[in-house]
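For reference, the chains in residue letters:
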Amino acid sequence: MATQRKWLAWRVAVFLAALAPLVFWSWQVANNAAGPEPGRYLLLHIGIGALWLLLLTLSLTPLTKLTRWKGFALIRRQLGLWTLAYATLHMLSYALFILGLNWALLGSEIIKRPYIIVGMIALIGLAVLGATSNKWSMRRLGKRWKSLHKFSYVILGLVLLHFFWVVRADMQEWAMYAAIAALIMATRLPPVSRTLPKLRHRLSRA
């Protein structure tokens, strides 16, 4: 019972941590502290939040292998769904604050800003992974489930491309995210993946 309460508290803490940025950004907007364009403020910050959550979600597997702590595996689906939620809010912010819900503008916007298409493809991919991140889908898809969810790394590449197109004038921040993503993807390489448990043993002896 104590263990169950501990993991429940862990899940609640993760939920509150994921919710906190949205509450803070909304508070900033409500108190006129989000600059002259609060809509763009929300659009940018929610988009970056989605990228951070995706990176955190993908880091959980190597962290589990490295530490063997069950807590990382327990929140993988939860963080994945938060990533989808943030990405959806990012799209809705674009539709509301940039398009003004005038969908007739979407065609011209895509021509001027093709990164919108890349973002939409990434969002669709996240939606597919979110819809299949349950035990029923795992049983239904069998071995194909793991193959499908490996597309999360393709989605990460699309998100980085989307962000690269947005911030071409300032590459420093993008380079940081790209470096973190490269490190996470490197842990999926078989030689590196096999090294993580060995590294855990070395650290435990130190």
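Residues numbered from 1 in each chain as written. Predicted model: local features only at pLDDT ≥ 70, side-chain atom pairs only at ≥ 80, totals over all residues. Heavy atoms only, no water.

As recorded by an unreviewed UniProt entry, the protein chain carries the name Protein-methionine-sulfoxide reductase heme-binding subunit MsrQ and is attributed to Halovibrio variabilis. Its UniProt record gives the protein chain a comment under Sequence similarities (unreviewed entry), which states: "Belongs to the MsrQ family." In its Subunit (unreviewed entry) section, the UniProt record describing the protein chain reads: "Heterodimer of a catalytic subunit (MsrP) and a heme-binding subunit (MsrQ)." (UniProt positions renumbered as here; feature names shortened; annotations may be inferred.)

Another aspect to go through is the overall build of the protein chain. Counting its secondary structure elements, the protein chain contains 11 helices and zero strands. Here the C-alpha coordinates of the protein chain stretch approximately 55 × 40 × 35 Å along the principal axes. By the burial criterion, 36% of the 206 residues in the protein chain qualify as buried. Pairs at least 24 residues apart make up 66% of the contacts formed inside the protein chain by residues separated by at least 6 positions. Element-wise, carbon and sulfur atoms account for 69% of the exposed surface of the protein chain, whose accessible area totals about 12,800 Å². Distance between charge centroids for the protein chain: 31 Å, based on 25 positive and 4 negative side chains. (Helix = DSSP H or I, 4+ residues; strand = E, 2+ residues; numbered from the N terminus. Buried < 20%, exposed > 50% of the residue type's maximum accessible area, 1.4 Å probe, protein only. Contact = heavy atoms within 4.5 Å. Areas by Shrake-Rupley, 256 points an atom, 1.4 Å probe, with all protein chains shown as cover. Lys, Arg positive; Asp, Glu negative; His and termini not counted. Charge placed at Lys NZ, Arg CZ, Asp CG, Glu CD.)

Before going further, it helps to examine the packing of helix 4 (residues 76–98) against helix 6 (residues 115–131). Contact geometry of helix 4 with helix 6 gives a least axis separation of 10 Å together with a crossing angle of 145°. Relative to helix 6, the crossing made by helix 4 is left-handed. Note on element contacts: helix 6 touches helix 4 through Ile 116, Leu 123, Leu 126, Ala 127 and Gly 130, opposite Leu 81, Thr 83, Leu 84, Ala 87, Thr 88, Met 91 and Tyr 94. Across the contact of helix 4 with helix 6, the residue classes break down as nine nonpolar, three polar and no charged. (Axes fitted to C-alpha atoms, helices over the stretch in contact; angles between N-to-C directions. Left-handed = near helix turned anticlockwise from the far one by under 90°. Nonpolar A, V, L, I, M, F, W, Y, C, P; charged D, E, K, R; others polar.)

Throughout the structure, instances matching the rule amount to three salt bridges. Measuring nitrogen to oxygen at the nearest pair gives 3.1 Å for the salt bridge that ties Glu 37 to Arg 40. Residue Glu 109 is joined to Lys 112 by a salt bridge in which the shortest nitrogen-to-oxygen separation is 3.6 Å. With a gap of three residues between them, Glu 109 and Lys 112 both fall in helix 5 (residues 106–112), about one helical turn apart. Classification of Glu 109 as buried rests on a relative accessible area of 9%. Members of the salt-bridge network, linked through shared partners, are Glu 109, Lys 112 and Arg 113. (Salt bridge = Lys/Arg side-chain N within 4 Å of Asp/Glu carboxyl O.)

On to the UniProt feature "transmembrane region" (unreviewed entry) in the protein chain. UniProt records the feature "transmembrane region" (unreviewed entry) for residues 7–27, 39–58, 79–101, 113–131, 151–168 and 174–192 in the present numbering. Taken end to end, residues 151–168 has its terminal C-alpha atoms 25 Å apart, with 83% of it in helix and 0% in strand. What you have in residues 174–192 is 84% helix and 0% strand, and the ends, taken at the C-alpha atoms, are 25 Å apart.

Okay, the side chain of Thr 83 next. In this fold, Thr 83 is placed in helix 4. Residue classification places Thr 83 among the buried residues on the basis of a relative accessible area of 2%. Apart from residues lying up to four places away in sequence, Thr 83 is in contact with Ala 50, Leu 53, Leu 54, Thr 57 and Leu 126.

Looking at the protein chain as a whole, the pLDDT averages 88, with 95% of positions reaching at least 70. Between the elements of the protein chain, mean pLDDT differs from a low of 67, seen in helix 11 (residues 190–205), to a high of 94, seen in helix 4. (pLDDT = per-residue confidence, 0-100.)

Per the UniProt annotation, the sites labelled "domain: Ferric oxidoreductase" (unreviewed entry) are residues 47–158. Helix makes up 84% of residues 47–158 and strand 0%, and the two end C-alpha atoms of the span are 13 Å apart.

A complete count under the given rule lists 10 aromatic pairs for this structure. When the ring of Phe 24 is compared with that of Trp 27, the centres are 6.5 Å apart and the planes differ by 20°; the resulting orientation is stacked. Taken together, the positions of Phe 24 and Trp 27, both in helix 1 (residues 2–30) and three residues apart, correspond to about one turn of that helix. Overall, Phe 24 belongs to the partly exposed group, its relative accessible area being 44%. Site record: aromatic cluster; members linked through ring pairs are Trp 7, Trp 10, Trp 69 and Phe 72. Above the ring of Trp 7, the side-chain terminus of Lys 6 is found at 4.4 Å from the ring centroid. (Phe/Tyr/Trp six-rings, centres within 6.5 Å; stacked < 30°, edge-to-face > 60°. Lys NZ or Arg CZ within 6 Å of the ring centre and 35° of its normal.)

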